[in-house]
Protein chains: 2
Amino acid sequence: MSGRDAGDAAARMPPARVGDRLSEVDTPALIVELDALERNVAAMAAAVEGRGVRLRPHAKSHKCPDIARRQIAAGAVGVCCQKVGEAEAFVAAGVSDVLVTNEIVGAPKLARLASLARNSSLGVLVDDRANVVALAAAMREAGASIDVLVEVDVGAHRCGVLPGAPAVELARAVAAERGLRFAGLHAYQGAAQHLRRPAERLAAIARAAELAFETKVLIEQAGIDCGTITGAGTGTFAIERDSGIYTELQPGSYVFMDADYGRNERADGEIRFEQSLFVWTTVMSTPGPDRAIVDAGLKAFAVDSGMPLVAHAPGLELAKASDEHGVVRVAAGSAGPKLGERLKLVPGHCDPTVNLYDWIVVVRNDRVDALWPVAARGALT
Amino acid sequence: MSGRDAGDAAARMPPARVGDRLSEVDTPALIVELDALERNVAAMAAAVEGRGVRLRPHAKSHKCPDIARRQIAAGAVGVCCQKVGEAEAFVAAGVSDVLVTNEIVGAPKLARLASLARNSSLGVLVDDRANVVALAAAMREAGASIDVLVEVDVGAHRCGVLPGAPAVELARAVAAERGLRFAGLHAYQGAAQHLRRPAERLAAIARAAELAFETKVLIEQAGIDCGTITGAGTGTFAIERDSGIYTELQPGSYVFMDADYGRNERADGEIRFEQSLFVWTTVMSTPGPDRAIVDAGLKAFAVDSGMPLVAHAPGLELAKASDEHGVVRVAAGSAGPKLGERLKLVPGHCDPTVNLYDWIVVVRNDRVDALWPVAARGALT
């Protein structure tokens, strides 16, 4: 038992071969339409280029070094991750500039982070004084150093210290520790990303930027450089970009998009990223004219942000999901799909959907162009 | 690219070592309390023994051969699976009597099923005439044979033909095919499992049993043996057991239980299966007295059936989850947990939660007793 290794766990073989027709790819499978993904990567790069901000896309969405390399080739400075295990997977794949946009708590994880920091350019967040001390001790123990950003709660009410004095105090604590380099503020307003109306998103990010700026000024008044203000997601990145305050942007979902982002109303001139990510399914039962059952359910797509949509099929709605089944409702007057027919689903939420798959089947012109491992799939710790 | 194998995908190392203290297990991790699991396995075995029905637990819940072996050692005849890939994982691990309680559609999957049927005792469902023909052809091609059950829609309105004449017609089609052995009816009433009141569950299963029995009589009048009536889940198995009609029971969740099953009211004398499955988490941020943030979110537990509960912590409620964070609300007057403190979560829905992990950390007396691979994790096809 104690000798068990990863080989006992279930890494899956690729679900297709390069050159296969899409119609031959067995289901359910996670597919990415490469043309759309490339256009999304290029559109984001163009939107940021020459605007005085760095692009550091969030890799928690794709968990895939093949995609990170394309983002970096298009101008990104590196990636963000949420977990030490994700950072390990990206560094192992050659992506060596990683900001862990999360607090890392507990000696085992801190030791892993410190070990990784010896051979890569790492950053991490803090929002607690005792955690700063533990982080610094781990770095010194490993003979490593790391960029540290203070996470400020600018409205998401998740992690983070309050803006102003509490952030200044923590910045001082970081700056005082050997092994830690105080780098700036993490000011991500996650709650703003899915506000449906552009004006709501603008107001939320304006407030976040104001809080971040006031805090930065206080820190610099205390004699500590506060070079980086990082944050932003796919729903708001243009607002942070144009704020004059944020220096780094972390959008993740834009490479894929999902049904939930699709429900955001866009501002005038806002980029329309394309849906590139789909769950490829087969109709496995046609019990009546009003419904068809697909072979994908709760283990093939996340439902936290609602059911997937059925792409290119206006009369079909994914009404219900159980563990391994999706119940597609056929609108009155619509022709239902046939047994064995393939349907493409647009996931409700891309990030937790991608995490259900070992491979991304990359498709161009209805052929499998590549198979990309989801290298950080299941990297929970 | 075409040479890529499973090694490129991410099978994870075990998150602990046998003998570790539970407090040393890094988080998030999926833990099973072995005493509780063993009592659940024994209680189900005792509930079925001598009652004239077979127990064939559903392995879609646990995806874990170590658990299947314990169920079989306690008297189960084999297991159920939903996917060919799951059946492959169980057969490879030595569990060779598997009923795939699902329709299998498409030539690649049928070929895999037929290949597997050559060296194991397999069953599968059908609800479509053309699928019967394709299944039979695949079996003959492989020189294999398989038990086939007609799935009857007894109220769940998912897959399945209607009871009565349509089922008889399909049974005839199966019986006429070389390579297929008509074995009986699959009459699972999934929609009944989480009806909250015992009387509602009783009424739903009484109706399902009636429909199954009428159909069985018609099939036998047509001169075809209809030996097996299989179905039932953790919420209703005692009703099917006592029906005099069902010959085989397929409960799965009882080994673990979850918050959703915990909301079912129990009938007098109904077994109280124990919660054995937990998500082990760490408090990673304590931003204020009213909330604490744990290091587990949508990638560490399923939320389709509601948020997880915080075990043994009456003042704490998991109010919200994002991809990698859970926001725990601290009730007024309750002491919030401290940074680094561990919390045990009861998953809302066990099956899709287990599918997020490569390993089950098996705990007895606060020590890691074993590490069980979730061998069929991600077995989607």
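Being a predicted model, the structure only gives us computed values, none of them experimental. (Residues numbered from 1 in each chain as written. Chains lettered and ligands numbered in written order. Predicted model: local features only at pLDDT ≥ 70, side-chain atom pairs only at ≥ 80, totals over all residues. Heavy atoms only, no water.)

Time to look at the interface of chain A and chain B. The interface of chain A with chain B comprises 77 residues on the first partner and 77 residues on the second. Surface buried jointly by chain A and chain B totals about 6,300 Å² across both partners, of which 56% is contributed by carbon and sulfur atoms. Across the chain A-chain B interface, the total number found is twelve salt bridges. The closest approach of N and O atoms between Arg377 of chain B and Asp358 of chain A, which form a salt bridge, is 3.0 Å. Summed over the shared surface of chain A and chain B, the number is 34 residue pairs in polar contact (both at pLDDT 80 or more). Elements that contribute at least two residues to the side of chain A that touches chain B include exactly strand E4 (97-103), helix H4 (107-117), strand E10 (277-288), strand E11 (291-294), helix H10 (350-354) and strand E17 (367-373) of chain A. The element contributing the most residues to the side of chain A that touches chain B is E10 of chain A, with six residues. A breakdown of the residues in the side of chain A that touches chain B according to their chemical character gives 34 nonpolar, 17 polar and 26 charged. (Contact = heavy atoms within 4.5 Å. Buried area = accessible area lost by both parts, 1.4 Å probe. Salt bridge = Lys/Arg side-chain N within 4 Å of Asp/Glu carboxyl O. Polar contact = N/O pair within 3.5 Å; in protein donor to acceptor, adjacent residues only side chain to side chain. Helix = DSSP H or I, 4+ residues; strand = E, 2+ residues; numbered from the N terminus. Nonpolar A, V, L, I, M, F, W, Y, C, P; charged D, E, K, R; others polar.)

Here we take up the pattern of salt bridges. Under the counting rule described, the total for this entry stands at 62 salt bridges over all chains. The salt bridge involving Arg70 of chain A is made with Glu38 of chain A; its shortest N-O contact spans 2.9 Å. In this pair, Arg70 of chain A is assigned in helix H2 (residues 65-73) and Glu38 of chain A in helix H1 (residues 34-48), connecting sequence segments 32 residues apart. Between Asp295 of chain B and Lys109 of chain A there is a salt bridge whose closest N-O contact spans 3.6 Å. Here the residue Asp295 of chain B occupies a position in the loop between strand E11 (291-294) and strand E12 (309-310), and Lys109 of chain A occupies one in helix H4, the pair thus bridging two chains. Three or more residues joined by partner-sharing salt bridges are found here, namely Asp26 and Asp295 of chain A together with Glu88, Lys109 and Arg112 of chain B.

Here we take up the relation of the copies chain A and chain B. Relating the two copies of this chain is a rotation about some axis coupled with a shift parallel to it. It takes a turn of 180° to lay chain A on chain B, together with a shift of 0.0 Å along the axis; the resulting RMSD is 0.0 Å. The relationship between the two copies is best expressed as a two-fold rotation axis. Residue Ala11 of chain A of chain A places its C-alpha closer to the rotation axis than any other residue of that unit, at 2.3 Å. In this assembly, 100% of the residues forming the interface of chain A have copies in chain B that are likewise at the interface, indicating an isologous arrangement. (Least-squares fit on C-alpha atoms with pLDDT ≥ 70 in both.)

A few words on the packing of aromatic side chains. All chains considered together, the criterion is met by four aromatic pairs over all chains. On the numbers, 5.6 Å between centres and 55° between planes, the contact of Tyr254 of chain A with Phe273 of chain A is tilted. Pair noted here: Tyr254 of chain A is in the loop between strand E9 (248-249) and helix H9 (259-262) and Phe273 of chain A is in the loop between H9 and E10, with a separation of 19 residues, a long-range link. A relative accessible area of 0% places Tyr254 of chain A in the buried class. Taking 6.0 Å as the distance between ring centres and 50° as the angle between the ring planes, the aromatic pair formed by Phe237 of chain B and Phe273 of chain B counts as tilted. One end of the pair, Phe237 of chain B, is in helix H8 (residues 237-241); the other, Phe273 of chain B, is in the loop between helix H9 (259-262) and strand E10 (277-288), with 36 residues separating them in the sequence. Residue classification places Phe273 of chain B among the buried residues on the basis of a relative accessible area of 9%. Grouped by ring-pair contacts, the aromatic residues Phe237, Tyr254 and Phe273 of chain A constitute a single cluster. Its guanidinium or amino end placed over the ring of Phe278 of chain A, Lys344 of chain A lies 4.3 Å from that ring's centre, counting from NZ or CZ. (Phe/Tyr/Trp six-rings, centres within 6.5 Å; stacked < 30°, edge-to-face > 60°. Buried < 20%, exposed > 50% of the residue type's maximum accessible area, 1.4 Å probe, protein only. Lys NZ or Arg CZ within 6 Å of the ring centre and 35° of its normal.)

On to the packing of helix H6 (residues 165-175) of chain B against helix H7 (residues 198-221) of chain B. All names here are of chain B. Between H6 and H7, the least distance of the axes is 9 Å, while the angle of their chain directions is 45°. Relative to H7, the element H6 lies oblique. Seen from above, H6 lies across H7 with right-handed handedness. Across from Ala165, Ala167, Val168 and Ala171 in H6, the residues of H7 making contact are Thr215, Leu218 and Ile219. Within the contact of H6 with H7, the residues separate by chemical class into six nonpolar, one polar and no charged. (Axes fitted to C-alpha atoms, helices over the stretch in contact; angles between N-to-C directions. Parallel < 35°, antiparallel > 145°, perpendicular 65-115°, else oblique. Left-handed = near helix turned anticlockwise from the far one by under 90°.)

Moving on, we get to the pairing of strand E5 (residues 121-126) of chain B. Residue and element names in this part refer to chain B. Across the six residues that make up E5, a large majority, five, are buried. Examined bridge by bridge, strand E4 (residues 97-103) and E5 share five bridges and lie parallel to one another. Looking at E5, one finds that Glu103 is bridged to Leu125. Relative to strand E6 (residues 146-151), E5 is paired through four bridges, and the arrangement is parallel. Counterpart to Val126 in the pairing with E6 is Val150. The handedness of the E5 to E6 crossover, carried by helix H5 (residues 129-142), is right-handed. (Pairing = 2+ DSSP bridges. Right-handed = clockwise from strand over helix to strand, strands pointing away.)

Residues and elements named next belong to chain B. Taken as a whole and assessed by the stated rule, the structure comprises zero disulfides over all chains. There is no disulfide at Cys64, and the cysteine sulfur nearest it, in Cys81, is 12 Å away. Residue class for Cys64 comes out buried when judged on its relative accessible area of 0%. Among the cysteines around Cys350, which has no disulfide bond, Cys64 carries the closest sulfur, lying 13 Å off. (Disulfide = S-S within 2.5 Å.)

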